[in-house]
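Tertiary structure, described
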Amino acid sequence: MYRTGDSLKHVHWKTFARTGEMHSKTFVAAVQAIQWLDWSDFQNQDVEHRLSCLCYWVLRLSELNRPYGLRMPGDTISPSTGVSHKRRCLALLATYGC
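Residues numbered from 1 in each chain as written. Predicted model: local features only at pLDDT ≥ 70, side-chain atom pairs only at ≥ 80, totals over all residues. Heavy atoms only, no water.

What the rule picks out here adds up to three aromatic pairs. Between the aromatic rings of Trp13 and Phe16, the centroid separation amounts to 5.8 Å while the plane-to-plane angle is 90°, which identifies the pairing as edge-to-face. Taken together, the positions of Trp13 and Phe16, both in helix 1 (residues 13-19) and three residues apart, correspond to about one turn of that helix. Note on Trp39 and Tyr96: the rings are 4.6 Å apart at their centroids and 35° apart in plane angle, and the pair reads as tilted. Placement of Trp39 in the loop between strand 1 (35-38) and helix 2 (47-63) and of Tyr96 in the segment after helix 3 (83-94) is noted, with a sequence separation of 57 residues between them. Its relative accessible area of 10% is what places Trp39 among the buried residues. (Phe/Tyr/Trp six-rings, centres within 6.5 Å; stacked < 30°, edge-to-face > 60°. Helix = DSSP H or I, 4+ residues; strand = E, 2+ residues; numbered from the N terminus. Buried < 20%, exposed > 50% of the residue type's maximum accessible area, 1.4 Å probe, protein only.)

Given below as structure tokens:
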């Protein structure tokens, strides 16, 4: 139902034309799924291939500004976004096994 103060841009004009009653459109924000990048997802791969795949996904999800977390043996980085998150994940990958 339309409430005084609702933007006229959000009025459902087809309903108004048909019924004479004003109704506002309701919008819902899309929820982004959190992606977990997990070392164990790359079983039967050597260490370098696992690191390469995880690095690719860190860069790709960062580029898309999608939230992701990283699970490595002995360490977990909680899901987030942003440059500092990307750097932290890449640093963990770069120092794996050191």
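Back to the text.
On to the packing of helix 2 against helix 3, then. Orientation of helix 2 relative to helix 3, taken along the N-to-C sense of each, is 175°, at an axis distance of 10 Å. Here helix 3 runs roughly antiparallel to helix 2, going by the angle between their axes. Of the residues in helix 3, those touching helix 2 at Leu51, Leu54, Cys55, Val58, Leu59 and Ser62 are Lys86, Cys89, Leu90 and Leu93. Classifying every residue of the contact of helix 2 with helix 3 by side-chain character gives eight nonpolar, one polar and one charged. (Axes fitted to C-alpha atoms, helices over the stretch in contact; angles between N-to-C directions. Parallel < 35°, antiparallel > 145°, perpendicular 65-115°, else oblique. Contact = heavy atoms within 4.5 Å. Nonpolar A, V, L, I, M, F, W, Y, C, P; charged D, E, K, R; others polar.)

Take a nonpolar patch on the surface next. On the surface, Leu8, Trp13 and Phe16 cluster together into a nonpolar patch covering about 310 Å² of accessible area. Judged by relative accessible area, Phe16 falls into the partly exposed class, the value being 33%. (Patch = residues over 30% accessible without salt bridge, like charges linked within 9 Å, V, L, I, M, F, W, Y side chains within 5 Å. Areas by Shrake-Rupley, 256 points an atom, 1.4 Å probe, with all protein chains shown as cover. Salt bridge = Lys/Arg side-chain N within 4 Å of Asp/Glu carboxyl O.)

Moving on to the sheet that holds strand 3 (residues 75-80). Taken in spatial order, the three strands line up as 1-2-3 in an open sheet, and their pairing is mixed. If you trace the sheet from one side to the other, it starts and ends with strand 1 and strand 3, each paired once. Within this sheet the neighbouring strands show an average axis-to-axis angle of 15°, counted without direction. One ladder, built from four bridges, connects strand 1 with strand 2 (residues 68-72); its direction is parallel. (Pairing = 2+ DSSP bridges.)

On to the confidence of the model for the protein, then. With 92% of its residues at a pLDDT of 70 or more, the protein has an overall mean of 89. Summarising per-element confidence for the protein, the mean pLDDT is lowest in helix 1 (84) and highest in helix 3 (98). (pLDDT = per-residue confidence, 0-100.)

Residue Trp13 is classed as partly exposed on the basis of its relative accessible area of 45%. For the pair Trp13 and Ser40, spaced 27 residues apart in sequence, the C-alpha separation works out to 53 Å. Not counting the four nearest positions on each side in its chain, Trp13 is found in contact with Leu8 and Met22.

Right, let's talk about the nonpolar core for a bit. In this structure, Leu37, Leu54, Leu70, Met72 and Leu93 are the most contacted members of the largest nonpolar core, which totals 15 residues. Those elements that provide at least two residues to this core are helix 2, strand 2 and helix 3. No other element matches the five residues that helix 2 contributes to this core. Sequence-distant contacts of Met72, defined by excluding residues within four places in its chain, comprise Trp39, Leu51, Leu54, Leu92, Leu93 and Tyr96. (Core = buried A, V, L, I, M, F, W, Y, C linked by side-chain atoms within 4.5 Å.)

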